[in-house]
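Residues per chain are reported as follows:
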Amino acid sequence: MSTNRLDYLDELEAEAIYILREVAGQFEKPALLFSGGKDSITLVHLALKAFRPGKFPFPLVHIDTGHNFEETIQYRDEMIARIGEKLIVGHVQDSIDEGKVIEQTGKNASRNALQTFTLLDTIAKNGFDACIGGARRDEEKARAKERIFSVRDEFGQWDPKRQRPELWNIYNGKIHKGENVRVFPISNWTELDVWNYIRRENIPLPTIYFAHQRDCITRNGQLMAASPFLNMDEEDVVERRNVRFRTVGDMTCTAAVESYAFEIDDIISEIADSKISERGARMDDKVSEAAMEERKKGGYF
Amino acid sequence: MDILKFITAGSVDDGKSTLIGRLLYDSDAILADQLEALHASNRKNDDGTIDLAILTDGLKAEREQGITIDVAYKYFETDKRKFIIADAPGHIQYTRNMVTGASNADLAIILIDARRGVVEQTTRHSFLVSLLQIQKVVIAVNKMDMVDYSEDVFNNIVADYQKIAAKLNISDVTFIPVSALKGDNIVYPSTAISWYKGDSLLHHLENVEINRDNASTHARLPVQWVVRPQTDELHDYRGYAGRVSSGSFKVNDKVTVLPSGFTSTISKIELYDTQPAEALAGMSVTVHLKDNIDISRGDIIVNSAGEPQLSSVIEADLCWMDTRGLDTSLTYLVQHNTKTVRCKIREMLHKVNINTLEKDFDEDFKLNDIGRVVIKTAEPLAFDPYQENKANGGAVIIDSRTNVTVGALMLRQSVE
């Protein structure tokens, strides 16, 4: 085997840093979309490597559904204090109060779909021309064809048939007024790569990624955290379970997995053996086979 | 552990999607929920087994039409290596997609249907592999089960293909007889093909050696961003951030900054909070120079002992990628490394019929056309011939009216 090539984590890191610096070099007003999940936490770490000792050439943007895991918000605020960078929060509650979106009702009500509006609204209000996101191509097959620089029209839409050819490491960020680009620096990482990198770099994570005891209900075959945001009725039985979360999203649509992985090493071996992919733990993708593609076209990141 | 990026070239009929599906399926790279979706799908093979091709179908339109229309990236790993597959469509109308997928590939798998042998599309795919300078080629002779696993059929295809390889200067070719449908020689060695003594496809992919150009004389660092904190404590800090595209840099190396031509010496190399002794090809670093010279994004730092060509009139191979044809009266943009400047296509020398490899002098560059041109740029580009150093020889053309990437350039030489 050849010896003059970089180890895979170094290679992935170097590529992501390169992409982040291309965003800095090519755009007037970029932003980094921060969800509080491990992928965007990894992006922040990569941005430190790309730009320190200078400041980030972009703010962090969090779209807050109001239905958060409290641990995520706590993590976010501590992280911002530690790195000293700017945070902009777009509240789904504001979009509801302004009458721009209408809260869903019924048992499976979620604000997950509403956050697309708040995101696009936040992009428009701040005039962002590039939004860096933590999506990866291995998450779902519609994402397998996404570009690193993905142009969105003024409605935030992705058109899979009109993607720009992307050759070598040359990313074309030229856009017309009103358009913006979504940029995915960790496109080529897998879930396991992210975890191995977090371990190698010692990156702190919100506690909900690790096994803990929590009141849960089982819905549509999945474990959901019992919370005031989940519309529950007498059919829902609350049970105390040992769980952790593999993704961090809105509380109403992020399913837990039964787990005893208390340390990062446990998580890595759990994932390595696992037989459920990460998005399989998100109810929002279960709706139909083409669900992700439809939502991407609609501006979801 | 390193990463091998490879492209698969072939059409639906050659069983390309089935081959990738088999590679993922037999190497346990498919997770339970994906498998569940696979079993739930109503597409089956004639004998009732799962149609593995479904695994690589991405977009809804493609599912409806049953064809791959864009490059899809797939990821899997074994104990030895991590793999990124660029699954590109094989039909001639998607030549631009294959060129895109090929641009970052270390290796290409070209599929040949054992029943049909070397066909027009084989020549086309091989031409693209050669044009894009993919280091290694694997010829997977598929559907061996349909020709009774015949050694003669395989040997004839090898002989036919070697003629094409010689014509295109493709030197590193490995031939493997496979059946993606039955799983012969994909992950596991085949018992049905006992006359074949070589590696299975996966075993070959795990062990094939891929080199990166770390020669110091080829050291190239396109500057992406200048780090200048301008704080009280870091008042004089000035670091040039970029990714080493080829070669390697060490502290005290004499360097030249192009296009200005200023020379200096590397005083420090940083990677966040570490100071690596050497910046190797592929590494994203920040370098410091001894002299305070004016450097900005778009400049390139190179080793003074091996400077690239610096020119604004350049002969290049061109693949046109847009439905609007090339217009020599228009001013386009060319993006090379971190530099974007205006350019014109001054001359069209010839086109290549990529099915027959014959030259064509029709002066009309349309979607998927490939040929040779001379470009004139508003400012000189510091480039290496693509055939010698692809990391510093590729560029794209952007239509400034639509902002779309419309052409891929493989730069050849200055003709100033």
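Everything discussed here concerns the structure shown above.
Just so we're clear, the structure is a prediction, and the values are computed from it rather than from any experiment.

Trainee: Sorry, what's going on with the packing of helix 6 (residues 191-201) of chain A against helix 7 (residues 264-273) of chain A here?
Mentor: For any two helices packed against each other, one specifies the inter-axial angle together with the distance between the axes. Residues and elements named next belong to chain A. It is the contact of helix 6 with helix 7, at a shortest axis distance of 10 Å, that shows an interaxial angle of 165°. Judged by the angle between their axes, helix 6 and helix 7 are roughly antiparallel. At the point where helix 6 passes helix 7, the crossing takes the left-handed sense. Residues Glu-191, Leu-192, Trp-195, Asn-196, Ile-198 and Arg-199 of helix 6 form the contact with helix 7, whose own contacting residues are Ile-264, Asp-265, Ile-267, Ile-268, Ile-271 and Ala-272. Tallied by class, the residues present in the contact of helix 6 with helix 7 amount to eight nonpolar, one polar and three charged.

Trainee: Could you clarify how one ought to interpret the packing of aromatic side chains in this entry?
Mentor: To describe a pair of aromatic rings, you give the distance between the ring centres and the angle between the ring planes. This model, assessed by the stated rule, comprises 16 aromatic pairs over all chains. Here Phe51(A) and Trp225(B) contribute two aromatic rings whose centre-to-centre distance is 5.9 Å and whose plane-to-plane angle is 80°, an arrangement assigned as edge-to-face. Placement of the pair is Phe51(A) in helix 2 (residues 38-51) and Trp225(B) in strand 8 (residues 225-227), with the two residues belonging to separate chains. Residue Trp225(B) is classed as partly exposed on the basis of its relative accessible area, which comes to 23%. Each ring, one from Phe154(B) and one from Trp195(B), has its centre 5.4 Å from the other, and the planes form 45°; the classification is tilted.

Trainee: Would you mind showing me how to read the interface of chain A and chain B here?
Mentor: When the parts of a complex come together, some accessible area is lost, and that lost area is often used as the size of the interface. The interface is formed by 63 residues belonging to chain A together with 77 residues belonging to chain B. Note on chain A versus chain B: buried area summed over both sides is about 6,300 Å², and carbon and sulfur give 55% of it. It is Arg5(A), Lys145(A) and Trp168(A) in chain A that bury the most area against chain B; as a group they hold 15% of the surface buried on that side. Inspection of the chain A/chain B interface yields seven salt bridges. A salt bridge links Arg5(A) to Asp106(B); the shortest N-O distance between them is 3.3 Å. The interface formed by chain A and chain B includes 25 residue pairs in polar contact (both at pLDDT 80 or more).

Trainee: Help me understand the packing of helix 2 of chain A against helix 6 of chain A, please; the structure alone is not making it clear to me.
Mentor: Residue and element names in this part refer to chain A. It is the contact of helix 2 with helix 6, at a shortest axis distance of 11 Å, that shows an interaxial angle of 50°. In terms of their interaxial angle, helix 2 and helix 6 are classed as oblique. Like other packed secondary-structure pairs, helix 2 and helix 6 cross with a definite hand, here left-handed. Mapping the contact onto sequence places Lys-38, Asp-39, Thr-42, His-45, Leu-46 and Lys-49 in helix 2 and Glu-191, Val-194, Trp-195, Tyr-197, Ile-198 and Glu-201 in helix 6.

Trainee: For this particular structure, what's the right way to read the sheet that holds strand 9 (residues 239-245) of chain A?
Mentor: As a general point, the strands of a sheet are linked pairwise by backbone hydrogen bonds and lie either parallel or antiparallel. Residues and elements named next belong to chain A. What the four strands build is a closed barrel, ordered 7-8-10-9; its pairing is antiparallel. Averaged over all neighbouring strand pairs, the angle between strand axes comes to 70°, with direction disregarded. As paired elements, strand 7 (residues 212-219) and strand 8 (residues 222-225) share four bridges and run antiparallel to each other. Counterpart to Arg-219 in the pairing with strand 8 is Gln-222.

Trainee: Mind showing me how you'd approach the pattern of salt bridges here?
Mentor: Pairing between side chains of opposite charge can happen when the charged atoms of each approach one another. All names here are of chain A. All chains considered together, the criterion is met by 47 salt bridges over all chains. Here Arg-136 and Asp-39 are joined by a salt bridge, their closest N and O atoms 3.0 Å apart. Within this pair, whereas Arg-136 is found in the loop between strand 4 (130-132) and strand 5 (149-152), its partner Asp-39 is found in helix 2, the two being separated by 97 residues in sequence. Across this residue pair, the class does not change: Arg-136 and Asp-39 are buried. Across the pair Arg-200 and Glu-201 runs a salt bridge whose closest N-O atoms are separated by 3.0 Å. Arg-200 sits in the partly exposed class, given a relative accessible area of 35%. According to the relative accessible area criterion, Glu-201 is buried, its value standing at 18%.

Each value, and the rule that gives it
- Per-chain numbering applies: the sequence of each chain, read as written, is numbered from 1 onward.
- Chains carry letters from A onward and ligands carry numbers from 1 onward, assigned in written order.
- Since the coordinates come from a predicted model, pLDDT governs what is reported: local features require at least 70, and pairs of side-chain atoms require 80 or more to be given and counted, while whole-chain, interface and lining totals use all residues.
- Excluding hydrogens and water, the side-chain values take into account all heavy atoms of the structure.
- Only C-alpha atoms enter the line fits that serve as axes; for helices the fit covers just the stretch in contact. Angles between N-to-C directions range over 0 to 180 degrees.
- Runs of H or I in DSSP of at least four residues are treated as helices and runs of E of at least two as strands, each being numbered from the N terminus.
- Oblique is the label for any angle not covered by the other classes, which are roughly parallel (under 35 degrees), roughly antiparallel (over 145) and roughly perpendicular (65 to 115).
- Each crossing gets its hand from how the near helix is turned against the far one by less than a right angle, where anticlockwise is left-handed and clockwise is right-handed.
- By the convention used here, residues are in contact when the closest approach between their heavy atoms is within 4.5 Å.
- Amino acids outside the nonpolar list (Ala, Val, Leu, Ile, Met, Phe, Trp, Tyr, Cys, Pro) and the charged list (Asp, Glu, Lys, Arg) are all regarded as polar, and Gly is one of them.
- Aromatic pairs are defined between Phe, Tyr and Trp rings, using the six-membered ring for Trp, whenever the two ring centres lie within 6.5 Å; interplanar angles under 30 degrees are classed as stacked, those over 60 as edge-to-face, and all others as tilted.
- Each residue gets one of three labels from its accessible area relative to the maximum for its type: buried under 20%, exposed over 50%, partly exposed in between, using a 1.4 Å probe on protein chains only.
- In short, buried area is how much 1.4 Å probe accessible area vanishes from two parts on joining, totalled over both.
- A carboxyl oxygen of Asp or Glu within 4 Å of a side-chain nitrogen of Lys or Arg is what we treat as a salt bridge.
- Within 3.5 Å is the distance limit for a polar contact, defined as a pair of N or O atoms, with the added protein rule that one can donate a hydrogen and the other accept it, and that residues adjacent in sequence qualify only through two side-chain atoms.
- The criterion for strand pairing is that DSSP finds at least two bridges linking the strands in question.

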